[in-house]
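Each chain is listed here by its residues.
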Amino acid sequence: MQIKVVDNSGRMQFSKHLVEMHHDRKKVFVDRLGWQLRAPGSWLEVDEFDNEYTVYLIACGEDDDRHLASVRLLPTTRPHMLNTIFSDLCEDGPVVGPEVWESSRFTIAPVGLRGTEIMRLSQYLALAHTEFALLNGITSYTMIGETHRVATVVSMGWRVKPLSLPTEVGGDKVTAMQVFVDEETLVMMRRRFGVDRPILEVNPSSHRVAA
């Protein structure tokens, strides 16, 4: 399996996968978790952070025919969730800078995947985060997640720093966190996940990534 890197230059090339991703996000976050759509009645979940500055990491099936899992990345030098919608979550304010990106909208397609398949997709996306970071001078990601999922983030192999206390938002306890990335992270993840090669499928037209 390889993970596609889709930035603004690749929107048309990967339009099918992006539509499937937004549709799966609607199924997961709206239909299953009860979030409100910005555009009532839409079959896609899209917000103001899905913009020209966004980079998506997308995992597809072996025959490249369907979105299976994805995550959304944004530079913290632009408006992002932690410095707008959740600006009061961190007591000391959000961590921002050119070397810090925000990761959000982690999505596994609701297509009846087995538990082992979901875990493998999660591992590959964690590894993709790390490869993308090292290619682009990123030293850490910020995230907002349900507090009980922090242990899962730690289990992927990241060094995690909480940025907030567990806080109730919309009936759930959420926590902001910062996860750190370096070369040792990559070596450890590849060894832990049994991967011996790069998994990012780099878009040659992208200016953000390099082979």
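Look up: the structure comes first, before these words.
The paragraphs below set out a description of the structure included in this document. Computed from a predicted structure; not experimentally measured.

1. Examining the environment of Val71
Link 1 in the chain: By the secondary structure assignment, Val71 is in strand 3 (residues 67-75).
Link 2 in the chain: For Val71, a relative accessible area of 2% puts it in the buried group.
Link 3 in the chain: With 57 residues separating them in the primary sequence, Val71 and Ala128 have C-alpha atoms 9.9 Å apart.
Link 4 in the chain: Ignoring anything within four residues of it in the chain, the contact list for Val71 reads Val55, Tyr56, Leu57, Ser103, Ser104, Arg105, Phe106 and His129.

2. Remarks on the pairing of strand 1 (residues 3-6)
Link 1 in the chain: Burial along strand 1 is two-sided: the face carrying Ile3 and Val5 and the face carrying Lys4 and Val6 are both buried.
Link 2 in the chain: Summarising the sheet, strand 1 and strand 2 (residues 55-60) pair through four bridges and their orientation is antiparallel. Counterpart to Val6 in the pairing with strand 2 is Tyr56.
Link 3 in the chain: Relative to strand 9 (residues 200-201), strand 1 runs parallel, the two sharing two bridges. Across the sheet, the residue bridging to Lys4 is Glu201, located in strand 9.

3. Quick look at the packing of aromatic side chains
In this description, an aromatic ring pair is defined by two values, namely the gap between the centres and the angle between the planes.
Link 1 in the chain: Per the counting criterion, the structure on display carries one aromatic pair.
Link 2 in the chain: Relative to Phe132, the ring of Trp101 has its centre 5.6 Å away and its plane inclined at 70 degrees; by these criteria the two rings are edge-to-face. Of this pair, Trp101 sits in strand 4 (residues 100-108) while Phe132 sits in helix 2 (residues 115-135); the two residues are 31 residues apart in sequence, bridging distant segments of the chain. This pair shows no difference in class: Trp101 is buried, exactly as Phe132 is.

4. Looking at the nonpolar core
Link 1 in the chain: Counting 35 residues, the largest nonpolar core has Ile3, Leu57, Leu73, Phe132, Tyr141, Trp158 and Met189 as its most contacted members.
Link 2 in the chain: Those elements that place two or more of their residues in this core are strand 1, strand 2, strand 3, strand 4, helix 2, strand 5 (140-146), strand 8 (172-180) and helix 4 (183-193).
Link 3 in the chain: It is helix 2 that contributes the most residues to this core, eight residues altogether.
Link 4 in the chain: The next biggest cluster of nonpolar side chains, apart from the first, holds 10 residues, and it includes Leu74, Leu163, Val174 and Ala176.

Thresholds applied
Residues numbered from 1 in each chain as written. Predicted model: local features only at pLDDT ≥ 70, side-chain atom pairs only at ≥ 80, totals over all residues. Heavy atoms only, no water. Helix = DSSP H or I, 4+ residues; strand = E, 2+ residues; numbered from the N terminus. Buried < 20%, exposed > 50% of the residue type's maximum accessible area, 1.4 Å probe, protein only. Contact = heavy atoms within 4.5 Å. Pairing = 2+ DSSP bridges. Phe/Tyr/Trp six-rings, centres within 6.5 Å; stacked < 30°, edge-to-face > 60°. Core = buried A, V, L, I, M, F, W, Y, C linked by side-chain atoms within 4.5 Å.

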